[in-house]
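# Chain and residue survey
Here's the letter readout for the chains.
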Amino acid sequence: MRFHLLFLLCAISFSLYSQNDTIALKNGKKIYGEIKNIQSNVLTVETSYSDSDFKINFKEVSGIKIQKICFLLLTKGRRRTGYVKSNKSNYFTITTKDNDKETFKLTDLISLDELSEEFWDRFKFNIDLNYNLTKANKSSQFVIEGNLSYRDLKWISNSSFSALNSKQDNTEDIQRTEVKADIKRILPKKWYLLSNLGFLSNTEQAIESRYTIITGIGRYLLFTQKLSLGFNFGINFNIEKFNDATSKNSSSELYFGSEFDIFDFNDFKLITNFNLFLSKGELRRARADYTINIQYDLPLNLYIKTGFKFNYDNQSAITGSNSDYLFTSGFGWSFNK
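Keep in mind the model is a prediction, meaning the values are calculated, not measured. (Residues numbered from 1 in each chain as written. Predicted model: local features only at pLDDT ≥ 70, side-chain atom pairs only at ≥ 80, totals over all residues. Heavy atoms only, no water.)

A few words on the overall build of the protein. Across its full length, the protein holds one helix and 22 strands. Burial analysis of the protein (337 residues in total) assigns 39% to the buried set. Counted over contacts in the protein with a minimum sequence separation of 6, partners at least 24 positions apart contribute 48%. Counting every atom, the protein has about 19,700 Å² of accessible surface; 59% of that belongs to carbon and sulfur. (Helix = DSSP H or I, 4+ residues; strand = E, 2+ residues; numbered from the N terminus. Buried < 20%, exposed > 50% of the residue type's maximum accessible area, 1.4 Å probe, protein only. Contact = heavy atoms within 4.5 Å. Areas by Shrake-Rupley, 256 points an atom, 1.4 Å probe, with all protein chains shown as cover.)

Here it is, written out as structure tokens:
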């Protein structure tokens, strides 16, 4: 009886050990554990002999073997799902569930995530808070921002919100609320289809509500381990209501957009995008939105973030300003980082 129990414990231990992922380093050493992800040229691995995760510069890795199915983002906008194993140094092979195999260089790998069977593990969420209070004029300002994203092999969705509330003696309250939700359908050769829903309310520009519905197509011009650059274009349907005597407006607009990301700069991340809207019905009307966010990651899924948003409209409401901007700086926390 004792022999059978000892044999069972040994078998379980061997099974657990055999399920470990393997990381081969260029100095000849090997690390065994569970690879959590590869992001921003950093490989994160959990081991049984350490209380905290190891972070390894991916440039020092010569080979990997992962037991679970993974989602991989590669250069040139390529996306793959399958099992990952290095059969020779500085290369790896992806094996799909249908047993199809492709081999790539390790330098082609931009990011890697284990594909969990749990639905919630495919979501990522973060929230930022910022509060300013000054004695002069009893001025106070509160800003809350958040982002929710979901990703699989062929679909990428992202939702964001931003809310500003500013109060000061002898002036009217300032409020700004913006909500966006977009979804992309990934196509071959770095192309993608996109759809976006947006809402904006802005007292500075006398906008009570502006709803936008965008459909279009885009393409990544650059997609490397360090950065990505994409352009897209399409049509936007615009529905506006204002806080003053300006009449309601519904119009169609041509839409042009660009997005630039830098994600291989130690713990820093930068994302910036520019959108231009040209009205089809009012050819002289032009609107533009610009956003830039810089983030520095801290322990415990915390981060410091600085952001800037700018809105321009050459045909604004009667009492509204042609432009508005929002600058924020504060702390945030992320889920499923």
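Where a strand is regular, its side chains alternate between the two sheet faces. Where strand E13 (residues 155-167) meets strand E14 (residues 174-186), twelve bridges bridge the pair, whose relative direction is antiparallel. By the bridge assignment, Ser157 is partnered in E14 with Ile183. Where E13 hands over to E14, the hairpin turn is made up of six residues, of which Asn170 adopts a positive phi near 70°. Between E14 and strand E15 (residues 191-202), which follow one another and run antiparallel, lie four residues, and Lys189 among them has a positive phi close to 60°. (Pairing = 2+ DSSP bridges.)

It is worth spelling out the pairing of strand E6 (residues 70-74) at this point. Across the five residues that make up E6, a large majority, five, are buried. With burial as the criterion, each face of E6 is covered, one bearing Cys70, Leu72 and Leu74 and the other bearing Phe71 and Leu73. The pairing of E6 with strand E7 (residues 79-85) spans four bridges and is classified as antiparallel. Residue Phe71 lies in a different strand from E7, and its bridge partner there is Thr81.

Take the nonpolar core next. Judged by nonpolar contacts, the single largest core of 22 residues is most densely connected at Leu43, Leu72, Phe92 and Leu112. Elements with a contribution of two residues or more to this core: strand E1 (21-25), strand E2 (30-39), strand E3 (42-46), strand E5 (61-65), E6, strand E8 (91-95) and strand E10 (109-114). Not counting the four nearest positions on each side in its chain, Leu112 is found in contact with Ile35, Lys36, Asn37, Ile38, Gln39, Ile66, Cys70, Phe71, Leu72 and Val84. (Core = buried A, V, L, I, M, F, W, Y, C linked by side-chain atoms within 4.5 Å.)

The next subject is the pattern of salt bridges. Inspection of every chain in the model, using the stated rule, returns 16 salt bridges. Across the salt bridge formed by Lys36 and Glu46, the nearest N and O atoms sit 3.9 Å from each other. With Lys36 in strand E2 and Glu46 in strand E3, this pair connects stretches of sequence that are ten residues apart. Across the pair Glu178 and Arg176 runs a salt bridge, and its minimum N-O distance is 3.3 Å. (Salt bridge = Lys/Arg side-chain N within 4 Å of Asp/Glu carboxyl O.)

Moving on: the side chain of Asn311. Structurally, Asn311 is set in strand E21 (residues 302-313). A distance of 2.2 Å separates a polar atom in the side chain of Asn311 from a polar atom in the side chain of Arg176. Every residue in contact with Asn311, bar those within four places of it in the chain, is listed here: Arg176, Gln205, Ala288, Asp289, Asn322, Ser323 and Asp324. (Polar contact = N/O pair within 3.5 Å; in protein donor to acceptor, adjacent residues only side chain to side chain.)

Attention now moves to a nonpolar patch on the surface. A surface patch of nonpolar side chains, about 570 Å² in accessible area, is lined by Phe265, Phe268, Ile294, Tyr296, Ile304 and Phe331. When you line up the elements, Tyr296 lands in strand E20 (residues 286-297). Judged by relative accessible area, which is 32%, Tyr296 ranks as partly exposed. (Patch = residues over 30% accessible without salt bridge, like charges linked within 9 Å, V, L, I, M, F, W, Y side chains within 5 Å.)

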